[in-house]
Amino acid sequence: MPCLKYIMQYVQSKEHRLLRGKTIECISLIGLAVGKEKFMQDCNDVMQLLLKTQTDQDDMADDDPQITYMISAWARMCKILGKEFEQYLPLVMGPVLKAASLKPEVAVVDSEDMKDLVNSSDWQFVTLGDQQSFGICTSGLEEKATACQMLVCYARELKEGFAAYSEEVVKIMVPLLKFYFNDSVRIAATESLPYLLECAKIRGEEYVSNMWGTCICPNLLKAIEIEPEQSVLPEYLASFAKCIESLGKGCLSDEDMSTLVTLLDNLLKQHFVRQLQRLEKRKDEDYDDIVEETLIEEDDEDAYVLSKIADIIHSFFGTHKESFLPAFEQIMPYFVKLLLPDRPWSDRQWALCVWDDVIEHTGPLSYKYCEFFLQNMIESLTDKTPEVRQAAAYGIGVIGKYGGDVYAHAFSECIPRLVNVIEHEDSKSVENAPATDNAIAAVVKICQYHGSKVNLEELLARLVTWLPILSDEEEAIHVYTYFCDLLDKNHPGIMGEQASNLPKVVSIVGETLHRELIQEDTELYHRLVNIVKQVQSNQDAFQVCVAQLTEQQKQALSEALA
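Residues numbered from 1 in each chain as written. Predicted model: local features only at pLDDT ≥ 70, side-chain atom pairs only at ≥ 80, totals over all residues. Heavy atoms only, no water.

1. Here's the deal with the pattern of salt bridges
Summed over all chains, the structure comprises 32 salt bridges. With its nearest N and O atoms 4.0 Å apart, the salt bridge here joins R278 to E298. Residue R278 is located in helix 12 (residues 254-283), and its partner E298 is located in helix 13 (residues 289-320); the two are separated by 20 residues in the primary sequence. Linking E551 and K554 is a salt bridge whose minimum nitrogen-to-oxygen distance equals 3.4 Å. (Salt bridge = Lys/Arg side-chain N within 4 Å of Asp/Glu carboxyl O. Helix = DSSP H or I, 4+ residues; strand = E, 2+ residues; numbered from the N terminus.)

2. A word on the nonpolar core
In terms of nonpolar packing, the biggest core is built from 184 residues, with F85, Y154, F162, F240 and F328 touching the most fellow members. Counting residues per element, this core draws most heavily on helix 7 (residues 141-158), which supplies 11 residues. Each of two domains, domain 1 (1-89) and domain 3 (455-561), supplies a minimum of three residues to this core. Excluding residues that lie within four positions of it along the chain, Y154 makes contacts with I71, W74, A75, C78, F85, L89, V92, M93, V96, K159 and F162. (Core = buried A, V, L, I, M, F, W, Y, C linked by side-chain atoms within 4.5 Å. Buried < 20%, exposed > 50% of the residue type's maximum accessible area, 1.4 Å probe, protein only. Domains from an automatic or database assignment. Contact = heavy atoms within 4.5 Å.)

3. Section: the packing of helix 17 (residues 386-403) against helix 19 (residues 433-450)
The relative placement of two packed helices comes down to the angle between their axes together with the axis-to-axis distance. Running from amino to carboxyl end, helix 17 crosses helix 19 at an angle of 15°, the nearest separation of the two axes being 8 Å. Judged on the interaxial angle alone, helix 19 and helix 17 are roughly parallel. In this structure, the crossing between helix 17 and helix 19 has a hand that is left-handed. On the side of helix 17, the interface is formed by P386, R389, Q390, A393, Y394, I396, G397, I399, G400 and K401, while helix 19 contributes P434, A435, N438, A439, A442, K445, I446, Y449 and H450. (Axes fitted to C-alpha atoms, helices over the stretch in contact; angles between N-to-C directions. Parallel < 35°, antiparallel > 145°, perpendicular 65-115°, else oblique. Left-handed = near helix turned anticlockwise from the far one by under 90°.)

4. Re the packing of aromatic side chains
A ring pair, where both rings are aromatic, is described by two values, the distance of the centres and the angle of the planes. Inspection of every chain in the model, using the stated rule, returns 18 aromatic pairs. On the basis of an interplanar angle of 75° and a centroid distance of 6.0 Å, the ring pair of Y480 and F483 is categorised as edge-to-face. Placement of both Y480 and F483 in helix 21 (residues 473-488) is noted, with a separation of 3 residues, approximately one turn of the helix. Look at F483 and you get buried, because its relative accessible area is 0%. (Phe/Tyr/Trp six-rings, centres within 6.5 Å; stacked < 30°, edge-to-face > 60°.)

5. Points about empty space enclosed by the protein
Following the criterion strictly, the structure yields 2 cavities of 30 Å³ or more and no others. Taken as a whole, the largest cavity holds about 50 Å³ of empty space. Every residue along the wall of the largest cavity is listed here: Q230, L267, Q270, H271, R274, D302 and V305. Listing elements by their share of the lining of the largest cavity, those giving two or more residues are helix 12 and helix 13. Here the element with the most residues in the lining of the largest cavity is helix 12; it accounts for 4 residues. Considered class by class, the residues forming the lining of the largest cavity number 2 nonpolar, 3 polar and 2 charged. By volume, the second largest cavity amounts to about 30 Å³. If you go around the second largest cavity, the residues you meet are V443, V444, C447, L459, L460, L463, W466 and Y482. Secondary-structure elements contributing two or more residues to the lining of the second largest cavity are helix 19 and helix 20 (456-466). With 4 residues, the top contributor of residues to the lining of the second largest cavity is helix 20. For the lining of the second largest cavity, the residue count by class is 8 nonpolar, no polar and no charged. (1 Å grid on protein atoms, 1.4 Å probe; cavity = no way out; pocket = protein on both sides within 12 Å on 5 of 7 lines; lining within 4 Å. Points joined across faces, edges and corners; volume = space filled by probe spheres on them. Nonpolar A, V, L, I, M, F, W, Y, C, P; charged D, E, K, R; others polar.)

6. Looking at helix 14 (residues 325-337)
Between its terminal C-alpha atoms helix 14 stretches 18 Å, which fits the 18 Å expected from 13 residues at 1.5 Å a residue. At I331, helix 14 shows its maximal bend, which comes to roughly 55°, and the proline P333 appears one to four places after that position. For helix 14, the set of buried residues is L325, A327, F328, I331, M332, Y334 and F335. Elements in contact with the buried residues of helix 14: helix 12, helix 13, helix 15 (345-362) and helix 16 (370-379). (Expected span 1.5 Å × (residues − 1). Bend = angle between axes of the 7 residues up to and from the residue.)

7. As for unusual backbone geometry
The omega torsion across L467 and P468 is 15°, close enough to zero to call that bond cis. Within the secondary structure, P468 sits in the loop between helix 20 and helix 21. You will see that Q498, though not glycine, has its phi angle at about 55°, which is positive. Mapping Q498 onto the fold places it in the loop between helix 22 (492-495) and helix 23 (502-514). A relative accessible area of 79% places Q498 in the exposed class. For A499, which is not glycine, the phi dihedral falls at a positive 55°. Of the residues examined, A499 reaches a relative accessible area of 30% and is grouped as partly exposed.

8. Describing the environment of D356
By secondary structure assignment, the location of D356 is in helix 15. With 39 residues separating them in the primary sequence, D356 and G395 have C-alpha atoms 4.7 Å apart.

9. Details of the side chain of Q275
Its place among the elements puts Q275 in helix 12. With near-sequence residues (within four places) excluded, Q275 lies in contact with R343, P344 and D347.

10. Re a negative patch on the surface
A surface patch of negative charge is lined by D284, E285, D286, D288, D289, E293, E297 and D300. Here D286 is to be found in the loop between helix 12 and helix 13. (Patch = residues over 30% accessible without salt bridge, like charges linked within 9 Å, V, L, I, M, F, W, Y side chains within 5 Å. Areas by Shrake-Rupley, 256 points an atom, 1.4 Å probe, with all protein chains shown as cover. Lys, Arg positive; Asp, Glu negative; His and termini not counted. Charge placed at Lys NZ, Arg CZ, Asp CG, Glu CD.)

11. Describing the side chain of S166
Take S166: it is sitting in helix 8 (residues 163-176). What makes S166 buried here is its relative accessible area of 0%. For S166, the side chain forms a polar contact with the main-chain oxygen of A163, separated by 2.8 Å. With residues near it in sequence (within four places) discarded, S166 still touches L196, C199, A200, R203, Y207 and M211. (Polar contact = N/O pair within 3.5 Å; in protein donor to acceptor, adjacent residues only side chain to side chain.)

Listed below in structure tokens is the structure:
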């Protein structure tokens, strides 16, 4: 750091501009790497040097490499300092807004003039007929994209602290949804919108509603409709989903809801058409490994788009509950078809996720659709693909928790399949663990809410052998809350004969703390630690338990008990 600060302070000549830019970048990356606490000893010096460079920026040429490095460095400093960065916003926003607003130089040139420019790295051309070409000057586009990404960072990190700039930035970003010269600019523009809405909330509900209804929503819907790049489209869908989550119920007018349903209908229709086209290409006589590589990329792109469509539906069910059902019913046939056994596994995975949301957010009302999904969901519990198993197991879990007694008849078929998944010899491998975690949670929810409908004692005796949960934080909360409830009652299935399961119980807690699946500041965390403390009160029993722990489990328990 002393060497870097020296360069910033004393190396001022024009030929060293790139060196200074790289130094600015290096300092800010070091700050991110070491964290706020360590960086604070140099922070004041660094900020003053950056501010001096910023003040001198009026004298910089537009192509000075320091400008882009400065813009990126300020965003990193914002991440490091958090709320403390707000005081610097008036000083840094000018160049960022200027760069984000940059209008590219474009030209239509004939073939003669193009010869002079064709080898220039600063221009890109698209041919228009035989005689003319359309050109765009690309120098400055990277700086524009960087500036837009930095505005996303400011809005995300500072929240209401960025409210004073939210309206101005929205007016810059919304038109950039159609900035087809550069994908990164469009992606940053759409990514910024939910964060800008959050920033603006401090200015009142009416202000946010107006910003969304008159400016963001219609333009974002239009951008989704006409976006030409399949790789950019999912970013628009993800942004729309986050906006809905942020704004809540009633954020869409009837007209906008109708437009959205039409868009989703078209996208889902295209999904099936594109899959058929790829199927035909795979039968073509020119099909080879190079073609297959392209087709696999297209498969992945389509799966990602489908996942973001599922995110939008998730957002609406999460905020609108059963009132979203009439809109969903208009596109429901697609999710019936996507769930069929002959569909690609990613289709079935995301269709299951959508049905999971229907069940979770509409409860027993969802049963009227059960003929369209329930049997396929049950059979998907033992699918060969872990992602499908996970989505199916989560669905059976939400049926157990939210579905009500109308679904009780299904548990007799679900439980054996779930047990098979959990007790499979490879169930705890890295790729299978998420599905296994969800299967354990599904059994727990059925036991908790429908214990009289299953062989409860047998399942609880097996539960101890199935734990710990390995990766799913959300399901860990459900499972360990029930686990603690049973231990509080000294349940014989969990404790074992003459408390013979205590070493296993302590190792489950140790592994859970080691994996940091339960947050330290929660009641559940303290309940888990108290279980170990109770065992610790009998030192002989505790030593027997500790002897069977791994070093990582011992370390985690030692820190928790300290």
